[in-house]
Amino acid sequence: MLSSSNPSGSLSPASLARLLGAWNTGAAAAYRELADVVRLLVLDGRIALDVALPSERALAETLGVSRTTVTAAYTGLREQGFLSSGQGSRARTRLPHRVAVAQAPGLVAPDGVLDLAYASLPATGEVVHRAFADALTELPALLPGFGYDSLGVPVLREAIAAHYTEAGVPTSASQILVTSGAQHALNIILGTLAGRQRKVLVDHPSYPNALDAIRASGSRTVPVPLPAVPGTRRTPGNTAPGSGPGWDIDAMVSAMRQQRPAMAYLVPDFHNPTGRVMSDLQRRRLVREAAGTGTVLVVDETLRALDLDGVGTTPLAAFSPAVVSIGSLSKSHWAGLRTGWIRADEGLLARFVATRTTMDLGGPIVEQLAAARLIRDFAEPLGARLDALRGHRETLLRLLAEHLPEWSFERPRGGLTVWCKLPSASSTALSVLAPEFGLRLAAGPRFGVGGSFEHFLRVPFTLPPEQLTTAVLALRAAQDRLDAAPQLRRTLKEPEVAAIA
Ligand SMILES: Cc1ncc(COP(=O)(O)O)c(C=O)c1O
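These numbers come from a predicted model, not from an experiment.

What to know about the nonpolar core
Leu201, Leu286 and Leu297 are the most contacted members of the largest nonpolar core, which has 50 residues in total. It is helix H14 (residues 365-376) that contributes the most residues to this core, eight residues altogether. Leu201 has contacts with Val222, Val224, Met252, Ala255, Met256, Pro261, Met263, Ala264, Tyr265 and Leu266, leaving out every residue within four places of it along the chain.

Written out as structure tokens, the structure reads:
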């Protein structure tokens, strides 16, 4: 969650104005537009919960609107349950009960609110539980130690190294730093290689929390668009191996040459949100041509195990020792393990460790012991997980084709999500309306910079088929509401981050 509040949990009028962007489009009454945009910011996490909003008078002055407008907006938000109604004190952000229940990732509330903003799965049941039980039996051997290990416990580093070696990238444990998940890994890398006055290239769209982390590091984002899908794919069965538009390597390399980013953050394996996979041919070219540019290639392989079409990707590090890889057990096994890693050459790894100790002094031991077990037997739970996901993917693609024929989509080769193209720039409006239809959505612009992707919506296929059916019917109903009242459509602009080369 991007925290836009100060440490005391309040938002200044200027900060809120910045987050609001071009909120006042004139498409509806100003108080209504203001309330809608604040609601969206709370729903998608850009305003944290329990944050005090500016006073009505201060916000009215900063936005250049009448105090009545702000009062009416706050009143509406209070009535909908998005603001506290504390007397005297400043209004604080909260979630209405119906939405709050659905905040637990992967959880479907008893009252039927479905969370399509998360793309995550419950644990691979038994296997994860057993790994923790085994970890507890191994724990006594480590208790005489201090318990601090900024590199990670040796058995886990060895298991991760062996996992890379098996995948065709010879690796020693000295090249592995264990982290608390992939997001932590990225923050360590950003803290080492990026920062103010530096640029970070990203494939565009990209994973929203990574974009937030890049922004928070003070770096400028250099987005390089993923090529559009030629034509509209309406056929759920189109699985030709190697098909698909892939990445625009020429554009990436020319951005590297012209803009000199310090690093590139890429998701070549079942890209989030598109589910796309980079071919070996493109991997080889990218690594070869990036070599002289000074840009460090950082690849996030969090979704690599979710290979639904049996593509069998080669880790990018197999093509060059200079590539930095991020991995995680969050999607293959369980996000609750909070265990990920960085693979890099030893020199760079030493710099990452130095950065890591400014953030924390190591990960919890039991989780690491359990993770080592899971990695040693990596494939054990995956067969069932992939079979289920293939079924969910087919169900979702069929439902979308049947109920939302005006939407088009790219068939994902793996991962957890379908990136849908909408017939109009209405993603934000849909996600604002969604809670009324029992859904929570992440709007397309969360996956981009500069307000891009209003025409897109990411729909995960992580829910079981019955709930996917409910979700798609709810999306249909929300789309119908929007079609009947097109004035609800408006674009939420985020501040411009960087030009595309
Ligand atoms: C591409 C990508 N990277 C990182 C993450 C977060 O991983 P972790 O839970 O290991 O921090 C996700 C989660 O959705 C993701 O899709």
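Considerations on the site of the ligand
Taken together, the neighbourhood of the ligand is formed by 13 residues, with Ala182, Asp300, Ser328, Ser330 and Lys331 sitting nearest. Separating an oxygen atom of the ligand from a side-chain N or O atom of Lys331 is a distance of 2.7 Å. In isolation the ligand has 400 Å² of accessible area, and contact with the protein removes 92% of it. Residue assignment for the shell around the ligand shows that the elements contributing at least two residues are helix H8 (182-193) and helix H12 (330-334).

Quick look at the sheet that holds strand E12 (residues 456-460)
Here three strands make up an open sheet; going across it, the order is E9-E10-E12 and the pairing antiparallel. Both outer strands of the open sheet, strand E9 (408-409) and E12, are each paired with one neighbouring strand and no more.

Some points on the packing of helix H2 (residues 30-43) against helix H4 (residues 67-80)
With their axes 8 Å apart at the nearest point, H2 and H4 run at an angle of 50° to one another. On the basis of the axis angle, H2 is oblique to H4. You can see that H2 and H4 cross each other, and the crossing is right-handed. Note on element contacts: H4 touches H2 through Thr69, Val70, Ala72, Ala73, Leu77 and Gln80, opposite Ala30, Tyr31, Leu34, Ala35, Val38 and Arg39. Looking at side-chain class alone, the contact of H2 with H4 contains nine nonpolar, two polar and one charged residues.

Re the pairing of strand E6 (residues 296-300)
Burial analysis of E6 places five of its five residues in the buried class, the great majority of the element. By the alternation rule, side chains of E6 split into Val296, Val298 and Asp300 and Leu297 and Val299, which are all buried. The parallel pair strand E5 (residues 263-266) and E6 is bridged by helix H11 (residues 280-290), and the resulting crossover is right-handed.

Considering H2
Counted at 1.5 Å a residue, the expected span for H2 with its 14 residues is 20 Å, and the 20 Å between its end C-alpha atoms agrees. For H2, a buried count of 11 out of 14 residues is recorded, marking the element as mostly surrounded by other parts of the structure. Residues Glu33, Leu34, Ala35, Asp36, Val37, Val38, Arg39, Leu40, Leu41, Val42 and Leu43 constitute the buried set of H2. Just beyond H2, the residue with positive phi is Gly45, at close to 90°.

Thoughts on the sheet that holds strand E3 (residues 199-204)
As summarised here, the arrangement of the seven strands in space is E2-E8-E7-E6-E5-E3-E4, forming an open sheet in which the pairing is mixed. Two strands lie at the open edges of the sheet, namely strand E2 (176-179) and strand E4 (220-225), each paired on one side alone. Between one strand axis and the next, the sheet turns through 20° on average, direction left out of account. Two strands pair when backbone bridges link them, and E3 and E5 are joined in this way by three bridges, in the parallel orientation. The residue bridging Val200 from the neighbouring strand is Met263, located in E5. In the packing of helix H7 (residues 154-166) onto the sheet, contacts are made with E2, strand E7 (324-328) and strand E8 (340-343), and the angle to E2 comes to roughly 115°. Contacts from H8 reach E2, E3, E5, E6, E7 and E8, with the element oriented near 155° to E7.

Some words on the pattern of salt bridges
Under the defined criterion, the tally for this structure stands at 26 salt bridges. With a closest N to O distance of 3.5 Å, Asp36 and Arg39 form a salt bridge. Taken together, the residues Asp36 and Arg39, both in helix H2 and three residues apart, mark about one turn of the helix. With relative accessibility at 12%, the residue Asp36 sits in the buried group. The residue Asp483 makes a salt bridge to Arg476 at a minimum N-O spacing of 3.8 Å. Of the residues examined, Arg476 reaches a relative accessible area of 17% and is grouped as buried. Bridged by salt links that share partners, the residues Asp309, Arg393, Glu394, Arg411 and Arg413 form one connected network.

Calculation rules
- Residue indices begin from 1 for each chain and proceed along its sequence in written order.
- Totals for whole chains, interfaces and linings use every residue, but because this is a predicted model, local features are given only for residues with pLDDT of at least 70 and side-chain atom pairs only at 80 or more, for both listing and counting.
- The side-chain numbers reported here are obtained from all heavy atoms of the structure, hydrogens and water having been left aside.
- Nonpolar cores are built from buried Ala, Val, Leu, Ile, Met, Phe, Trp, Tyr and Cys residues. Side-chain atoms within 4.5 Å join them into one set.
- Three exposure classes are used, based on accessible area relative to the maximum for each residue type with a 1.4 Å probe and protein chains only: buried under 20%, partly exposed in between, and exposed over 50%.
- Each helix is a run of DSSP H or I of at least 4 residues and each strand a run of E of at least 2, with the numbering of both proceeding from the N terminus.
- Contacts are assigned to residue pairs with any non-hydrogen atoms lying within 4.5 Å of each other.
- Here a residue counts as near a molecule or strand whenever at least one of its heavy atoms sits within 4 Å of it.
- Two N or O atoms form a polar contact when they lie within 3.5 Å of each other; inside protein one atom must be a possible hydrogen donor and the other a possible acceptor, and for residues adjacent in sequence the pair counts only when both atoms belong to side chains.
- Exposure was quantified through the Shrake-Rupley algorithm and a 1.4 Å probe, taking into account, for residues, occlusion by the shown protein chains and nothing else.
- Strands are treated as partners if at least two bridges between them are detected by DSSP.
- Helix axes are fitted only over the stretch in contact, all axes being lines through C-alpha atoms; the angle between N-to-C directions runs from 0 to 180 degrees.
- Put simply, angles under 35 degrees are roughly parallel, angles over 145 are roughly antiparallel, angles from 65 to 115 are roughly perpendicular, and the rest are oblique.
- Take the far helix as your reference; a near helix turned counterclockwise from it by less than a right angle gives a left-handed crossing, and one turned clockwise gives a right-handed crossing.
- Polar here means any residue other than Ala, Val, Leu, Ile, Met, Phe, Trp, Tyr, Cys and Pro, which are nonpolar, and Asp, Glu, Lys and Arg, which are charged; Gly is therefore polar.
- A clockwise course of the path from the first strand over the helix to the second, judged with the strands pointing away from the viewer, identifies a crossover as right-handed.
- Here the expected span of a helix is defined as 1.5 Å times the quantity of residues minus one.
- Salt bridge, as applied in this entry: a Lys or Arg side-chain nitrogen positioned within 4 Å of an Asp or Glu carboxyl oxygen.

Any functional reading would require information beyond the geometric quantities listed.
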